[in-house]
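Spelled out from the first residue to the last, the chains are:
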Amino acid sequence: MAEPQVLRHPLVDVRMTTLRDETTDRATFRAAVRELTAMVVYEAMRDAATTPLEVRTPVATTTGAQLANPPVLVPVLRAGLGMAEAAHAQVPGAVMGFVGVARDEETLRPTPYMESLPASLAGRPVFVLDPMLATGGSMAYTIDLLAARGADAVRAICLLAAPEGVERLAQAHPSVPVYTAAIDERLNEHGYIVPGLGDAGDRQFGAM
Ligand code: PRP
Ligand code: URA
């Protein structure tokens, strides 16, 4: 099992503080989600393979780079939708799939309600975008779906994780690395991350 990759940077800490602050308004919260997503995806792409690309500058011809195999991006609705645009901006050539999973707040089990994914994910890196890794149930379920389509190079791209979720994912999918902006202390009795930031879906899009 790979250690979770936790971003360490003052700009990450400042935006995470914006997310945590209960007085942050929705638009500012969504902006911080986008900015942090760009940073986490940047880190998750650090080892991406490139192939050489000849490019003509106004001065000379030189060798640049292009991504050899851009990841398929899979935001987990609803909260992951706020990460989609920023991740896509980092990797404009990426294909995007979608999964809808709502956690049952009584049982804390994932309740799937939609999926729109490429038929085969074999040989393609896949980044699952979900800001919150709490119990890990939603992420583990999503990765099960991807594995059923042949995905074998999945990365979990989060903004905030609980140790319990990291541990559960390591048990269920030991080959899936977690990239996150922070790992908090624990879950509370309602399955919320402490100190956390509250409900990431509600804070972006409003309470249902
Ligand atoms: C949140 C979050 C994750 C899930 C994490 O979504 O975006 O998908 O909870 O919890 P877990 O690790 O315990 O499964 P939620 O179910 O609240 O739905 P939403 O995105 O529609 O708000
Ligand atoms: N989902 C959220 O949005 N926040 C939490 O703290 C846990 C699950």
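What counts and how
- Residues numbered from 1 in each chain as written.
- Chains lettered and ligands numbered in written order.
- Predicted model: local features only at pLDDT ≥ 70, side-chain atom pairs only at ≥ 80, totals over all residues.
- Helix = DSSP H or I, 4+ residues; strand = E, 2+ residues; numbered from the N terminus.
- Buried ≥ 20, exposed ≤ 12 C-beta atoms within 10 Å, placed from the backbone.
- Contact = placed C-beta atoms within 7 Å.
- pLDDT = per-residue confidence, 0-100.
- UniProt positions renumbered as here; feature names shortened; annotations may be inferred.
- Near = placed C-beta within 6 Å.
- Axes fitted to C-alpha atoms, helices over the stretch in contact; angles between N-to-C directions.
- Left-handed = near helix turned anticlockwise from the far one by under 90°.
- Nonpolar A, V, L, I, M, F, W, Y, C, P; charged D, E, K, R; others polar.
- Pairing = 2+ DSSP bridges.

Novice: I'm lost on the overall build of the protein in this one. Help?
Specialist: Secondary structure summary: the protein contains six helices and 14 strands in total. Here the protein holds 208 residues, and 37% of them are scored as buried. Counting contacts in the protein only where the partners sit at least 6 residues apart, residues at least 24 apart contribute 63% of the total.

Novice: Would you explain the confidence of the model for the protein in this entry?
Specialist: Close reading of the predicted structure is inappropriate where its pLDDT is low. In the predicted model, the protein carries a mean pLDDT of 97, and 100% of its residues have values of at least 70. Across the interfaces of the predicted complex, the ipTM metric reaches 0.98, alongside a pTM of 0.98.

Novice: Honestly, the UniProt feature "binding site: 5-phospho-alpha-D-ribose 1-diphosphate" (unreviewed entry) in the protein in this entry has me stumped. Any pointers?
Specialist: UniProt annotation of "binding site: 5-phospho-alpha-D-ribose 1-diphosphate" (unreviewed entry) refers to Arg 78, Arg 103, Asp 130, Pro 131, Met 132, Leu 133, Ala 134, Thr 135, Gly 136, Gly 137, Ser 138 and Asp 199 when read in the numbering used here. In this fold, Gly 136 is placed in the loop between β8 (132-133) and α4 (137-148). Not counting residues within four places of it along the chain, the set of residues in contact with Gly 136 comprises Glu 164, Gly 165, Arg 168 and Leu 169. Dropping the residues within four chain positions of it, Ser 138 is found in contact with Val 76, Val 101, Arg 103, Pro 110 and Asp 130.

Novice: Got a minute to help me understand the site of ligand 1 in this structure?
Specialist: Arg 78, Ala 79, Arg 103, Ser 138 and Gly 201 are the nearest of the 23 residues found near ligand 1. When contributions to the shell around ligand 1 are tallied by element, the ones reaching two or more residues are β5 (98-103), β8, α4 and α6 (200-205).

Novice: What exactly am I supposed to notice about the packing of helix α1 (residues 10-20) against helix α2 (residues 26-44) here?
Specialist: When two helices pack together, their arrangement is captured by the angle between the axes and the distance separating the axes. One way to put it is that α1 packs onto α2 with a least axis distance of 9 Å and a crossing angle of 150 degrees. Once α1 is placed against α2, the crossing between them reads as left-handed. Residue-level inspection shows Val 12, Arg 15, Met 16, Thr 18 and Leu 19 of α1 in contact with α2, the latter providing Thr 28, Phe 29, Ala 32, Glu 35, Leu 36 and Met 39. When grouped by side-chain class, the residues that make up the contact of α1 with α2 number seven nonpolar, two polar and two charged.

Novice: Please explain the environment of Glu 85 as it appears in this structure.
Specialist: Within the secondary structure, Glu 85 is located in helix α3 (residues 81-90). The partly exposed category is assigned to Glu 85, around which 15 C-beta atoms lie within 10 Å. Along the primary structure Glu 85 and Gln 5 are separated by 80 residues, whereas in three dimensions their C-alpha atoms are 22 Å apart.

Novice: How do you make sense of the site of ligand 2 when you look at a structure like this?
Specialist: If you check the shell around ligand 2, you find Ala 79, Met 132, Ala 134, Gly 191, Tyr 192, Ile 193, Gly 196, Asp 199, Ala 200 and Gly 201 and nothing else. When grouped by side-chain class, the residues that make up the shell around ligand 2 number six nonpolar, three polar and one charged.

Novice: Quick question: what am I supposed to make of the UniProt feature "binding site: uracil" (unreviewed entry) in the protein here?
Specialist: According to UniProt, the "binding site: uracil" (unreviewed entry) feature falls on Ile 193, Gly 198, Asp 199 and Ala 200. Structurally, Ile 193 is set in strand β14 (residues 193-194). Beyond its immediate chain neighbours, meaning those up to four positions away, Ile 193 contacts Met 132, Ala 134, Leu 160, Ala 162, Asp 184 and Leu 187.

Novice: I keep staring at unusual backbone geometry and nothing clicks. Help me out?
Specialist: Most peptide bonds take the trans form, and the phi angle of most residues other than glycine is negative. Going from Leu 77 to Arg 78, the amide bond is cis rather than trans, its omega being 0 degrees. Counting through the fold element by element, Arg 78 comes out in the loop between β4 (72-77) and α3. Cis geometry is adopted by the peptide bond preceding Pro 195, which originates at Val 194 and carries an omega value of 0 degrees. Position of Pro 195 among the secondary structure elements: in the loop between β14 and α6.

Novice: Looking at this model, I keep getting lost on the sheet that holds strand β7 (residues 126-129). Mind explaining?
Specialist: Within a sheet, neighbouring strands are paired by backbone hydrogen bonds and run either parallel or antiparallel to one another. Taken in spatial order, the seven strands of this open sheet run β1-β11-β9-β7-β4-β5-β6, and their pairing is mixed. Each edge of the open sheet is held by one strand with a lone partner, namely β1 (5-6) and β6 (110-116). Pairing of β4 with β7 involves four bridges; the strand directions are parallel. Its bridge partner being in β7, Val 74 is matched across the sheet by Val 128. Where α3 meets the sheet, it contacts β4 and β7, and its direction lies at approximately 160 degrees from that of β4.

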